[in-house]
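# Summary of structural features
One letter stands for each residue in the lines below.
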Amino acid sequence: MEVFASSREFSAKELYVMTHNGDSLKNHPEGECFVITGWCDTESKNSKGDTKPIFVFEVKDIEGKIHYIATQSQTVKNSVMEMWELFAPEVEVVHRIGVTKLGREFHNVELVM
């Protein structure tokens, strides 16, 4: 596992959980809010040895419990990074689901106002 960039130094245990037990953003309902408290740009390797980029963000739920959400979406990564540059060390976002002109579902996050 290689970490290309991150918002802070994560422990080995945190990185393991982020890259092995991170939940997919697609498993969360539209309208769910998260407080992003960190992120990690890394990659995942399958059993054949092929790699794919993974963006994982650390979120705090309403009760203050930490979770990790992973995505391959460049759109989500760009949105998080843009907001992170302005509002770090915490960014409150809402999960949005849309449909492209071709009818494909896409996921993104937006700043909670």
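Structure: above.
Predicted model only: the values in this text are computed from it and were never measured. (Residues numbered from 1 in each chain as written. Predicted model: local features only at pLDDT ≥ 70, side-chain atom pairs only at ≥ 80, totals over all residues. Heavy atoms only, no water.)

### Quick notes on the pattern of salt bridges
Where charged atoms from two side chains of opposite charge come close, those side chains can pair. The tally for this structure, following the rule as stated, stands at five salt bridges. A salt bridge links Glu58 to Arg8; the nearest nitrogen and oxygen atoms lie 3.0 Å apart. Here Glu58, found in strand S4 (residues 51-60), pairs with Arg8, found in the loop between strand S1 (3-6) and helix H1 (12-20); they are 50 residues apart in sequence, far enough to count as distant. For Glu58, a relative accessible area of 5% translates into the label buried. As a salt-bridge pair, Arg96 and Glu110 come within 3.4 Å of each other at their nearest N and O atoms. Of the two residues, Arg96 is situated in strand S6 (residues 91-99) and Glu110 in strand S7 (residues 105-111); the sequence distance between them amounts to 14 residues. Overall, the relative accessible area of 32% leaves Arg96 in the partly exposed class. What emerges from the salt-bridge pattern is a single network uniting Arg8, Glu14 and Glu58. (Salt bridge = Lys/Arg side-chain N within 4 Å of Asp/Glu carboxyl O. Helix = DSSP H or I, 4+ residues; strand = E, 2+ residues; numbered from the N terminus. Buried < 20%, exposed > 50% of the residue type's maximum accessible area, 1.4 Å probe, protein only.)

### Focus on helix H2 (residues 74-87)
Counted at 1.5 Å a residue, the expected span for H2 with its 14 residues is 20 Å, and the 20 Å between its end C-alpha atoms agrees. Buried residues belonging to H2 abut strand S3 (33-45), S4, strand S5 (66-71), S6 and S7. Near the N-terminus of H2, the side chain that reaches the backbone nitrogen of Thr75, with its oxygen 3.3 Å away, is that of Ser73. (Expected span 1.5 Å × (residues − 1). Contact = heavy atoms within 4.5 Å. Polar contact = N/O pair within 3.5 Å; in protein donor to acceptor, adjacent residues only side chain to side chain.)

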